[in-house]
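Remarks on the overall topology
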Amino acid sequence: MMTRSQLFMLPTLICGFAPNDYHSISSLSRNHHKPLSVLSAAITSNEDGDSNRGTLSDNSLYGPTSRFSSPDAFTESQISKIFGNCVPLSLAGRCKTNSNVDMIFLSSMEEGRIISESYIKCLQSDDDDTQHEEIDISALPIPIASSLSASAMKLLSHSYTSVPLSKSVLLSLNSLLVNRDGGLFDNLPWSTWSVDPDMKERDAANNVVDSKYAMGKRVAYQRFMGKDWQGRSISLTNMAKRLRYMLEADEKSKKDSGSDDNTMLSLSQRLLELEITEATMFMAECEKNLAIANASEKDDQYEVEQLEKARARLQLAETSLGELGGTTTDNQSKSQSLVLSILDKLSEQENPPPYRGAIGYPAKLDSKKEMFEDSVLPYSSPYELLNEIISEQLNSEVIGCVLEQCSLLEGNLVVGGSLLLKRKGVERKTTLAGETVSYSDDDDDYGNAGVLPRSMYVVECFSDEAIGFAMTSRLPILVQREIYERAATKDVELDVMQASNVRNETKSAESLSYLNRIPVIRLFDDIADLTTQVEGERVLSKSQSRFIRIPLTTNPSPFDGPNQSSAASNGPVFSTFNPVASLDEFDTLSEDDKVRLLLKLESFKGALPRPRAVKSDPTLLDNMLVPLIDESVRRQYQIRDAERRGDIKEANALREEISLRQRALEEAQAAREAGLEERALQLEEEAELYMALRADVTQDEGSYSRFLDRDDWYERETKARIKRLDKKKFGSLLDGIDLP
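All values reported here derive from a predicted model rather than from experimental measurement. (Residues numbered from 1 in each chain as written. Predicted model: local features only at pLDDT ≥ 70, side-chain atom pairs only at ≥ 80, totals over all residues. Heavy atoms only, no water.)

**Quick word on the environment of leucine 267**
- Considering the arrangement of structural elements, one finds leucine 267 in helix H11 (residues 258-295).
- Here leucine 267 falls in the buried class, since its relative accessible area comes to 3%.
- For the pair leucine 267 and alanine 240, spaced 27 residues apart in the sequence, the C-alpha separation amounts to 9.3 Å. (Helix = DSSP H or I, 4+ residues; strand = E, 2+ residues; numbered from the N terminus. Buried < 20%, exposed > 50% of the residue type's maximum accessible area, 1.4 Å probe, protein only.)

**Concerning a nonpolar patch on the surface**
- On the surface, a nonpolar cluster with roughly 200 Å² of combined accessible area is contributed by Val534, Leu552 and Leu599.
- Among the secondary structure elements, leucine 552 is positioned in the loop between strand E14 (548-549) and helix H19 (562-570). (Patch = residues over 30% accessible without salt bridge, like charges linked within 9 Å, V, L, I, M, F, W, Y side chains within 5 Å. Areas by Shrake-Rupley, 256 points an atom, 1.4 Å probe, with all protein chains shown as cover. Salt bridge = Lys/Arg side-chain N within 4 Å of Asp/Glu carboxyl O.)

**Description of the packing of aromatic side chains**
- In this structure the tally under the stated criterion is seven aromatic pairs.
- Seen from their ring centres, phenylalanine 185 and tyrosine 221 are 6.5 Å apart, and the 55° between their planes marks the pair as tilted. Residue phenylalanine 185 is located in helix H7 (residues 184-187), and its partner tyrosine 221 is located in helix H9 (residues 216-224); the two are separated by 36 residues in the primary sequence.
- The class for phenylalanine 185 is buried, based on a relative accessible area of 3%.
- Residue classification places tyrosine 221 among the partly exposed residues on the basis of a relative accessible area of 33%.
- The residue whose ring lies beneath lysine 200 is tyrosine 361, and the NZ or CZ to ring-centre distance is 5.0 Å. (Phe/Tyr/Trp six-rings, centres within 6.5 Å; stacked < 30°, edge-to-face > 60°. Lys NZ or Arg CZ within 6 Å of the ring centre and 35° of its normal.)

**What about the pattern of salt bridges?**
- Under the counting rule described, the total for this entry stands at 26 salt bridges.
- For the salt bridge of arginine 356 with aspartate 366, the shortest nitrogen-to-oxygen distance reads 3.0 Å. In this pair, arginine 356 is assigned in the loop between helix H13 (332-346) and helix H14 (368-372) and aspartate 366 in the loop between H13 and H14, connecting sequence segments ten residues apart. Just as arginine 356 is buried, aspartate 366 falls in that class too.
- Put simply, glutamate 404 and arginine 610 hold a salt bridge, and the shortest N to O gap is 2.9 Å. Of this pair, glutamate 404 sits in strand E5 (residues 396-405) while arginine 610 sits in the loop between helix H21 (591-600) and helix H22 (611-616); the two residues are 206 residues apart in sequence, bridging distant segments of the chain. Accessibility assignment for this pair places glutamate 404 and arginine 610 in one class, buried.

**A few points about helix H3 (residues 73-83)**
- Regarding H3, the residues found buried are Thr75, Gln78, Ile79 and Phe83. In an axial view of H3, the angular spread of the buried residues amounts to 100°, which keeps them on one side of the axis. Projecting away from the buried face of H3 at angles above 90 degrees are the exposed residues Ala73 and Lys81.
- Contacts made by the buried residues of H3 are with strand E2 (86-96), E5, strand E6 (413-423), strand E9 (456-461), strand E10 (477-480) and H22.
- With its phi angle positive at about 85°, glycine 84 sits one or two positions after the end of H3. (Arc of directions from axis to C-beta. Contact = heavy atoms within 4.5 Å.)

**Overview of H21**
- Along H21, the residues that are buried comprise Asp592, Lys594, Val595, Arg596, Leu597 and Leu598.
- Buried residues in H21 make contact with helix H23 (620-625).

**Some words on the side chain of aspartate 622**
- Structurally, the position occupied by aspartate 622 is in helix H23.
- For aspartate 622, a relative accessible area of 12% puts it in the buried group.
- For aspartate 622, the residues in contact, after removing those within four places along its chain, are Phe586, Lys594, Pro627 and Tyr637.

**Some details on the environment of serine 440**
- For serine 440, the position within the fold is in strand E8 (residues 435-441).
- Accessibility expressed as a relative area gives 34% for serine 440, which makes it partly exposed.
- Distance from serine 440 to lysine 424, taken between C-alpha atoms, is 8.5 Å for residues 16 residues apart in sequence.
- The residues contacting serine 440, other than those within four sequence positions of it, are Gly425, Val426 and Glu427.

**A closer look at unusual backbone geometry**
- If you check the backbone angles, aspartate 228 has positive phi at about 55° while not being a glycine.
- Mapped onto the secondary structure, aspartate 228 falls in the loop between H9 and helix H10 (236-252).
- According to the relative accessible area criterion, aspartate 228 is buried, its value standing at 12%.

**Thoughts on the packing of helix H5 (residues 146-161) against helix H6 (residues 167-178)**
- Following both chains from N to C, one finds H5 and H6 inclined at 125°, their axes separated by 10 Å at the closest point. Taken together, the axes of H5 and H6 lie oblique to each other. Along this stretch, H5 crosses H6, giving a crossing that reads as left-handed. Listed contacts from H6 to Ser151, Lys154, Leu155 and His158 of H5 are Leu173, Leu176 and Leu177.
- Residue composition of the contact of H5 with H6, by class: four nonpolar, two polar and one charged. (Axes fitted to C-alpha atoms, helices over the stretch in contact; angles between N-to-C directions. Parallel < 35°, antiparallel > 145°, perpendicular 65-115°, else oblique. Left-handed = near helix turned anticlockwise from the far one by under 90°. Nonpolar A, V, L, I, M, F, W, Y, C, P; charged D, E, K, R; others polar.)

**Some thoughts on the nonpolar core**
- Core analysis: the biggest nonpolar cluster contains 57 residues, and Leu106, Leu184, Leu188, Leu386, Leu403, Leu419 and Phe469 have the highest contact counts within it.
- Here this core takes six residues from H5, the largest share from any one element.
- Among the nonpolar cores identified, the runner-up in size contains 19 residues, and Leu409, Phe586, Val595 and Val633 belong to it. (Core = buried A, V, L, I, M, F, W, Y, C linked by side-chain atoms within 4.5 Å.)

Now the structure itself:
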């Protein structure tokens, strides 16, 4: 018996295309894709060799306004409601600063189109002495962090050109997108928006499983790693479907040679043998499950039903194989109809997957177009694959790509990206007056509790990710108007000299590297005027607040060396940094102070919120900071908050749970107000003792092992012994030592 992998290796009949059909199918895929960007016709993807290079020829343009999808009134209202007034821009070009930081420039869509046209003319010019018109524009410079610049520029270049890529090339680019911590892929709502029509991600009580156990993100990651690629599946149903399509094509071309019929009969027999093997294994598994259910005295109705299905499946496969074995090619029409009926039966799916790659379902059944056309060059960049996954798996569409202010630090202008997701309706079909009518069911949440059609979700990401996704999706890059008006725009022009150098370098090889696909921009002023300050650095002048800064991330470096880890292990178990000593001190903190304090705290591991989120929820920063400050201050804050909300019961419960240290501090304050200064000092000394006992004063008592704290009796005896110590007996030996 031939195994499935051996069957898949047959190049002409099972695997898809004969070697001489590759170029014809490749051209079909290219014509279908219709690239829309600057060098789309100039750069062709290759399966072998330098996959990042292509040839120069006539080019279509990126950026014409007519090519962008115009938002409807609902989309405009939602974007304005969430992000405020925005300005539509497009990618104009790039440059490097003196400090080797990559800058990308955004301008109006018309200016971006003009720059791209001028760049193409420079690349296509054959005369070195040809004078090109230097077109100047006003552009918004956006810096890219050095740690992300290499991957970001590669992804942007492929999005800018929109040239279909082979699977091997695309897989090498996919990792650049999905392996970014805190980026677009991480922040998509995989666990809550991945459609689940069969309620598979529910527990026995029909409750939604915890997000960390959901499979949505895993499925998406596996898609980026190549799982369930269009037309490449070796599942039994898809192989049967492929034979079915090939028989249809053979019938249309009227190829009636007996050898072809024998080949089809032989392949059909092998598929049936595979089906018998799988049906036998499935029946054995059902028998095992039934035996387990009987042994545990559980209801075995479901196991019995599954066993009956397995037996029926095996019987059908064996009967079909027997009928096919007695068929000869003498009666061509009868044998072909029998083969077709068997293939149709093999390609049936009782429970088709809701989206490609879904776990717990069979492989998605490919259409004829997906199998013979889209399987070669289906995507132009990882963003296009992501857009398809969002549409199928999340049943959503991206209606806006926005660049917004993402820093809460005073005077810091930092730009971050956001995608606005809108949930689509569930497509239904019904028959009216003998005609099939399609409609959208706006009341079906598709297995996602509370996620109805037209629901909105803001996905925060890096600025280059929003720009790349916007170009791939043919959407304008929306920039908040306050950023555009506040930021220092620059007068720039196409660097004609650099474009000529690129042309001269590629003329002999007739190829263009992906690094040179985006036009190079030159500033009228000195390039040193492009400051590359990092978020968090103090603003020394008003002019510095107008430059967009490089975002600061709280994520640790993935390549931390052993020195860092060993240093951390030699330090205290918990951080001893305790900057907020009282509730009054906490109330005096400004928004900028709270953000800088969060960045200093070692216990803060999350991501800072954006001004948009803080504006909608003013307590957001407090909720992040309060769990990390002194336990006594936190308890006072919680009691005051409960009293303001009128929840007297919660306030009393919090008072009963106060720690010994907090009780001593409150009694000291009351004694001082009563004029008992000596008593107040004694109580404050007692509070300091309780503080010295704790391994981490910011955590509640009992929240960690008590064995990490010091012993009360030992500390009291040590302090008493030190008090009795006569320093005069030691001369100058104890000078400079601060004894308690």
